[in-house]
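# Structural description and commentary
Residue strings, one per chain:
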Amino acid sequence: LTQGHDDTAMYEKVEVIKGASGLITGLANPSATINFVRKRPTDEFQASAKASYGSWNTRRVDADISGPINDRVRGRLVVAKEKGDSYLDRYSTDRDVFYGIVSADLTDSTELTFSHSVNDHHSDGNSSGALPLFYSDGTLTDYDESTNTAPSWAQQDVKQTRSFIELEQRIGDDLAIKAMYTQNKQEKQWNSLYLAGNPDPITESGLTAQASDYKAQDKEKIFDLYVSGKFELAGREQEVVAGINVADIQLTGRSVYSSTWNYDPIGGNWSAGLTPKPVFDVYDASQQSTDIDQEQDSAYFSTRLRPTDRLSVLLGARTVKIEQDGVSYGAPQKVSDTETVPYAGLTYEVIDGTMLYGSYSEVFKAQTWVDASLAPLGPVKGESREFGIKQEFNDGNAVLTLARFESEQENFGEYVTR
């Protein structure tokens with residue numbers, strides 16, 4: 001649930017998991033999954049601050065402080081501020097970031113962590129649609145790269161807040177139980193001016209416009225519980241993970257339009273941003289609003305086995321249940337589906353630095369596409385396979401990969417013009 005710009009100041013690293021990742025995320029996609037790893041409190045005190053200035057008057061400051069609060073409590077605070085213009089006329093952004101996290105050792109084997117973050121992003125001069133490709137006489141348009149169809153009042157506000165509380169219990173050196181509760185909320189509001197048509201090559205008139213005021217709020221409540229452990233089999237250390245995930249997602253929104261000039265010609269002043277802001281006074285709740293409640297429940301199990309020193313095998317499965325109900329712009333959004341997504345992978349080190357690998361995963365992913373009557377298409381299903389070879393160079397600092405990847409998907413939505 002991210003629109004606008006997520007800021008990386010609060011993250012330690014960003015991981016890209018290539019291929020279908022049903023075992024990890026539960027809603028597998030054959031392309032890739034991006035995992036943002038949050039910064040955590042450090043055992044020793046550290047602090048940093050930096051400032052930057054870039055093109056189009058872009059200014060930014062960052063601060064990061066971390067360390068122990070007492071013998072058993074550690075904390076970390078990250079703040080950032082960025083503001084700047086753009087190569088596009090009238091487009092500018094303003095962003096504020098706050099991230100705080102505290103970890104406490106309740107006992108020598110029990111750790112409690114709490115975190116809260118705010119990413120508040122505002123932009124002015126947001127364009128909707130794209131520049132026309134052709135004039136009304138069929139000739140190609142030729143605009144400056146700075147040309148923007150949006151007036152200054154076309155703006156967007158996106159505020160993302162995330163909070164979580166996590167409890168980890170370690171049992172000896174080989175077993176750990178972790179429970180996490182997460183709440184995410186995203187509040188969105190923007191005024192937009194959508195232009196369509198082909199302008200006159202001399203006067204630039206002839207375009208039509210529609211303006212709207214959109215407000216929406218997305219909420220997520222997620223509970224995770226899993227156990228991870230190690231065990232010995234055939235004289236080698238093996239790994240196992242099992243857990244459950246329960247998510248409740250609520251999506252609400254509404255659009256209000258203007259009766260002042262709905263698809264009326266606006267003259268040739270669009271590129272100068274002189275289009276006046278209309279009064280948003282046309283609203284039909286039954287046709288211009290969204291109210292959807294979705295539940296996603298899953299249970300998963302995986303194990304990593306090492307039959308030999310050079311061979312590793314990963315086996316697992318995740319059962320996912322999706323229940324959705326509600327309405328979006330006058331159309332019911334009822335969806336009910338259950339799927340078990342298996343996963344299998346293996347690696348074999350032929351010689352030091354040379355690795356053969358292969359994997360198989362089924363695809364199961366909810367989608368936002370709807371049919372002509374605005375009814376949901378339901379989840380995408382399919383299969384993904386990959387096999388290849390990896391060769392390390394320069395003591396592992398460089399890796400060459402040769403691989404074949406294929407994916408088959410069913411019920412995948414495609415855009416159809418009317």
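For clarity, every value in this text was computed on a predicted model and none was experimentally measured. (Residues numbered from 1 in each chain as written. Predicted model: local features only at pLDDT ≥ 70, side-chain atom pairs only at ≥ 80, totals over all residues. Heavy atoms only, no water.)

## Details of the pattern of salt bridges
When charged atoms on two side chains of opposite charge get close, those side chains can pair. Tallied over the entire structure, the rule returns 27 salt bridges. Close ionic contact of Lys39 with Asp64 constitutes a salt bridge, the shortest N to O distance being 3.1 Å. Of this pair, Lys39 sits in the loop between strand 2 (32–38) and strand 3 (46–54) while Asp64 sits in strand 4 (residues 58–68); the two residues are 25 residues apart in sequence, bridging distant segments of the chain. Under the relative-accessibility criterion, Lys39 is labelled buried at 14%. (Salt bridge = Lys/Arg side-chain N within 4 Å of Asp/Glu carboxyl O. Helix = DSSP H or I, 4+ residues; strand = E, 2+ residues; numbered from the N terminus. Buried < 20%, exposed > 50% of the residue type's maximum accessible area, 1.4 Å probe, protein only.)

## Notes on the pairing of strand 7 (residues 110–124)
Here strand 6 (residues 92–107) runs beside strand 7; their pairing, made up of 15 bridges, is antiparallel. The residue bridging Asp105 from the neighbouring strand is Glu111, located in strand 7. Counting the residues that bridge the hairpin from strand 6 to strand 7 gives two residues. The sheet contact formed by strand 7 and strand 8 (residues 155–171) spans 15 bridges and is antiparallel. In the sheet register, His121 faces strand 8, and the bridge partner there is Val158. (Pairing = 2+ DSSP bridges.)

## Quick word on unusual backbone geometry
Positive phi values are uncommon outside glycine, yet Tyr329 reaches one of about 50 degrees. Looking at the element boundaries, Tyr329 is found in the loop between strand 15 (311–328) and strand 16 (331–332). Residue Tyr329 is classed as partly exposed on the basis of its relative accessible area of 25%. Located in the positive-phi region is Asp395, a residue other than glycine, with phi close to 55 degrees. Take Asp395: its relative accessible area is 79%, and that puts it in the exposed class.

## Some thoughts on the environment of Thr260
Inspection of the secondary structure puts Thr260 in the loop between strand 11 (236–258) and strand 12 (264–265). Judged by its relative accessible area of 47%, Thr260 falls in the partly exposed class. A sequence separation of 56 residues divides Thr260 from Glu204, and the C-alpha atoms of the two residues are 21 Å apart.

## Details of the nonpolar core
In terms of nonpolar packing, the biggest core is built from ten residues, these being Ala9, Met10, Tyr11, Val78, Ala80, Val97, Tyr99, Ile101, Phe164 and Met180. Residue assignment for this core shows that the elements contributing at least two residues are strand 5 (73–85) and strand 6. If one sorts the elements of this core by residue count, strand 6 sits on top with three residues. The residues contacting Ile101, other than those within four sequence positions of it, are Lys39, Arg40, Pro41, Arg74, Gly75, Arg76, Thr113, Phe114, Ser115 and Phe164. Counting nine residues, the second-largest nonpolar core is a separate cluster that includes Trp153, Leu207, Ala211 and Trp270. (Core = buried A, V, L, I, M, F, W, Y, C linked by side-chain atoms within 4.5 Å. Contact = heavy atoms within 4.5 Å.)

## Brief notes about the packing of aromatic side chains
Remark: the centre distance and the inter-plane angle together describe each pair of aromatic rings, the angle taken between the planes. Considering all chains together, one arrives at four aromatic pairs under this definition. On the basis of an interplanar angle of 55 degrees and a centroid distance of 5.9 Å, the ring pair of Trp56 and Tyr87 is categorised as tilted. Of this pair, Trp56 sits in the loop between strand 3 and strand 4 while Tyr87 sits in the loop between strand 5 and strand 6; the two residues are 31 residues apart in sequence, bridging distant segments of the chain. Aromatic pair Trp190 and Tyr214: ring centres 5.0 Å apart, planes at 40 degrees, arrangement tilted. In this pair, Trp190 sits in strand 9 (residues 175–196) while Tyr214 sits in strand 10 (residues 208–233), placing the two residues 24 residues apart along the sequence. Note on accessibility: Trp190 and Tyr214 belong to one class, buried. (Phe/Tyr/Trp six-rings, centres within 6.5 Å; stacked < 30°, edge-to-face > 60°.)

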